[in-house]
Amino acid sequence: MNDFAERLLDWFAGSKRDLPWRRLQHDPYAVWVSEIMLQQTTVAAVIPFYNKWMARFPTVQSLAEAPLDDVLKHWAGLGYYARARNLHKGAGVVVSEHGGRVPSDPKQLLALPGIGRYTAGAILSIAFNQAAPILDANVIRVLSRVHAVPGDPKTSAATQAVLWKLAEAALPTGRAGDFNEAMMELGALVCEAGAPRCGTCPVADLCAAKQLGDPTSYPQFTGVKKWLDVEDVSVAIRNPAREVLLIQRSPELALWGGLWELPRATRQDGESLECCAARAVRESTGLSVTGMAPFGVVKHVVANRRILLHGFEAAAENDQEAEAAPSVRRAWITPETRGDYALATPQVKLSDLLFQQETQGRLEL
Ligand code: ADE
């Protein structure tokens, strides 16, 4: 075994965190779920979602049989909902085409929706102990520093190719899963982005970036994050029973597909908030409303999107719900039933604000 792998594995054996998915590494479905959840999401944020998910969908069969609504409800708050839709779809394929067993063949794995080279490598190495490399943000950081790899791994295909080769070349025979996890763990706990702890690093004296003087100069990211500012308006429409209307977005939509929301529109250039609120009601419900008034605003940042979501309330003029926009799935909710629906985080924040004000208002009466 190479010196790097040996030291890393020794360190990992003594330092690894006790994470829930590490207790189910023989189960490729559990590895699949955890690796998908861990994309773009921190370990701390994933743990409660993973535990609830595995309690509700303990097997690939149980996931395949579940309605999409239920699946999205268990994902609500994790973001990047295409991940949940793909997992659900992928479970269906595993049941219908692979007899309910997650395949150990790289080609078959890569053919499943949402599984790319990283996830396939993680499942193959961790669950099946095959010699498959992985490259995620942590591994990129570790390898870029250890080998002082030039170029920006976000934008340069040549740099990515070099990193994949290094990840493959480093794999120790028969220990690929542990090794891959050890590299991720080192990136998470020691070789951190802003402040690497080289004093406690088991491979510090093999690290080219450290020898060059400044490990943080690798990876050589060049780009500045480009923010996309989005301003949305959602309307809480109440019926005479004071229930609030939610509508469901089409499951085919890339953004928040299949999730529920207070009728919403994105503000256009020069459009007033009031006009945007009226448009949200018109376009997504067809209802007539009265008494439109603002009740608050929430902020949410996800990926490169900085979202400002304004809330308005209004009353449905009469009981018109049957005729209006019949193709849209809708539900009238109360604070008690909101948890039955999958809402994206900005919508959770806004409805929290709405219901909070309502409770406070009532107490003041
Ligand atoms: N990040 C992605 N996959 C991981 C894993 N298996 N363990 C810890 N962090 C991870």
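This one's a predicted model, so the numbers in the text were calculated from it and none came from an experiment.

What is the right way to read the overall build of the protein from this model?
Secondary structure assignment for the protein yields 14 helices and seven strands. The C-alpha extent of the protein, read off along each of the three principal axes, is 75 × 50 × 40 Å. Within the protein, the fraction of its 365 residues that count as buried is 47%. In the protein, 67% of the contacts between residues at least 6 apart in sequence involve partners at least 24 apart. Just so you have it, the protein exposes about 17400 Å², and 54% of that area is on carbon and sulfur atoms.

I keep staring at the side chain of Arg-85 and nothing clicks. Help me out?
Inspection of the secondary structure assignment puts Arg-85 in helix H6 (residues 82-97). An unpaired buried charge is present at Arg-85: no salt bridge exists, and Glu-252, the closest side chain of opposite charge, is 7.9 Å distant. Among the polar contacts listed, one links the side chain of Arg-85 to the backbone oxygen of Leu-253, at a separation of 3.2 Å. A polar contact is formed between the side chain of Arg-85 and the backbone oxygen of Gly-257, at a distance of 2.7 Å. Setting aside chain neighbours within four positions, we find Arg-85 in contact with Leu-68, Leu-72, Pro-251, Leu-253, Ala-254, Trp-256 and Gly-257.

Before we go on, may I ask you to explain the packing of helix H9 (residues 137-146) against helix H10 (residues 157-169) in this structure?
The relative placement of two packed helices is expressed as an angle between their axes plus a distance between the axes. Across the interface, H9 lies against H10 with an axial gap of 10 Å and an inter-helix angle of 90 degrees. In terms of axis orientation, H9 runs roughly perpendicular to H10. Residues Ile-140, Leu-143 and Ser-144 of H9 form the contact with H10, whose participating residues are Leu-163, Leu-166 and Ala-167.

Looking at this model, I keep getting lost on the pattern of salt bridges. Mind explaining?
Side-chain pairing between opposite charges can occur once the charged atoms of the two side chains come close. Considering all chains together, one arrives at 19 salt bridges under this definition. Glu-192 serves as the salt-bridge partner of Arg-197, at 2.8 Å between the closest nitrogen and oxygen. Take Glu-192: its relative accessible area is 22%, and that puts it in the partly exposed class. Between Arg-264 and Asp-232 there is a salt bridge, with the nearest N and O atoms lying 2.7 Å from each other.

Honestly, the nonpolar core in this entry has me stumped. Any pointers?
Buried together is how nonpolar side chains tend to be arranged in soluble globular proteins. Counting 88 residues, the largest nonpolar core has Tyr-29, Trp-32, Trp-53, Trp-75 and Phe-179 as its most contacted members. A domain split of this core shows at least three residues from each of domain 1 (3-217) and domain 2 (228-360). Once residues lying within four places of it in the same chain are set aside, the contact partners of Trp-53 are Tyr-29, Val-33, Met-37, Pro-58, Leu-63, Val-71, His-74, Trp-75 and Leu-87. Counting 16 residues, the second largest nonpolar core, distinct from the first, contains Ile-247, Cys-276, Ala-280 and Leu-287.

Help me out: how do you make sense of the domain arrangement of the protein in this one?
Much of the literature gives interface size as the accessible area that the parts lose upon coming together. What the domain assignment lists for the protein is domain 1 (3-217) and domain 2 (228-360). Centre-to-centre, using C-alpha coordinates, domain 1 lies 36 Å away from domain 2. With nine residues of domain 1 at the contact, the number on the domain 2 side is 19 residues. For the pair domain 1 and domain 2, the summed buried surface comes to about 920 Å²; carbon and sulfur atoms form 53% of the total. When the area that domain 1 buries against domain 2 is broken down by residue, the three leading residues are Asp-69, Tyr-81 and Arg-85, summing to 48%. In this structure, the connection of domain 1 to domain 2 is made through one salt bridge. Between Arg-329 and Asp-69 there is a salt bridge, with its nearest N and O atoms 3.0 Å apart. In terms of residue class, the side of domain 1 that touches domain 2 is built from five nonpolar, one polar and three charged.

Please explain the packing of helix H2 (residues 28-37) against helix H8 (residues 117-127) as it appears in this structure.
One can describe the packing of H2 onto H8 by two numbers: an axis separation of 9 Å at closest approach and a directional angle of 140 degrees. With respect to each other, H2 and H8 are oriented oblique. Helix-helix and strand crossings are classified by hand; for H2 and H8 the assignment is right-handed. Here H2 contributes Pro-28, Val-31, Trp-32, Glu-35 and Ile-36 to the contact with H8, which in turn contributes Tyr-118, Thr-119, Ala-122, Ile-123, Ile-126 and Ala-127. Residues that form the contact of H2 with H8 fall into these classes: nine nonpolar, one polar and one charged.

Sorry if this is basic, but what is going on with H10 here?
Every α-helix carries 3.6 residues per turn, so stepping three or four residues along brings you back to the same face. The end-to-end C-alpha distance of H10 is 18 Å, a good match for the 18 Å that 13 residues give at a rise of 1.5 Å each. Three or more residues of H10 are buried, namely Thr-159, Leu-163, Trp-164 and Ala-167. In a view along the axis of H10, the buried residues occupy a sector of 140 degrees, so they form one face of it. Pointing more than 90 degrees away from the buried face of H10 are the exposed residues Ala-157, Ala-158, Lys-165 and Ala-169. Its buried side turned inward, H10 meets H8 and H9.

Whenever I open this one, the site of the ligand confuses me. Can you help?
Close to the ligand lie Trp-21, Arg-22, Glu-35, Leu-38, Val-43, Tyr-118, Glu-181 and Met-184, which account for all nearby residues. One nitrogen or oxygen atom from the side chain of Glu-181 is found 2.7 Å from a nitrogen atom belonging to the ligand. The protein chains hide 95% of the 260 Å² of surface that the ligand would expose on its own. Among the residues making up the shell around the ligand, the classes are represented as five nonpolar, no polar and three charged.

Conventions adopted
Residues numbered from 1 in each chain as written. Predicted model: local features only at pLDDT ≥ 70, side-chain atom pairs only at ≥ 80, totals over all residues. Heavy atoms only, no water. Helix = DSSP H or I, 4+ residues; strand = E, 2+ residues; numbered from the N terminus. Buried < 20%, exposed > 50% of the residue type's maximum accessible area, 1.4 Å probe, protein only. Contact = heavy atoms within 4.5 Å. Areas by Shrake-Rupley, 256 points an atom, 1.4 Å probe, with all protein chains shown as cover. Lys, Arg positive; Asp, Glu negative; His and termini not counted. Salt bridge = Lys/Arg side-chain N within 4 Å of Asp/Glu carboxyl O. Polar contact = N/O pair within 3.5 Å; in protein donor to acceptor, adjacent residues only side chain to side chain. Axes fitted to C-alpha atoms, helices over the stretch in contact; angles between N-to-C directions. Parallel < 35°, antiparallel > 145°, perpendicular 65-115°, else oblique. Core = buried A, V, L, I, M, F, W, Y, C linked by side-chain atoms within 4.5 Å. Domains from an automatic or database assignment. Buried area = accessible area lost by both parts, 1.4 Å probe. Nonpolar A, V, L, I, M, F, W, Y, C, P; charged D, E, K, R; others polar. Left-handed = near helix turned anticlockwise from the far one by under 90°. Expected span 1.5 Å × (residues − 1). Arc of directions from axis to C-beta. Near = heavy atom within 4 Å.

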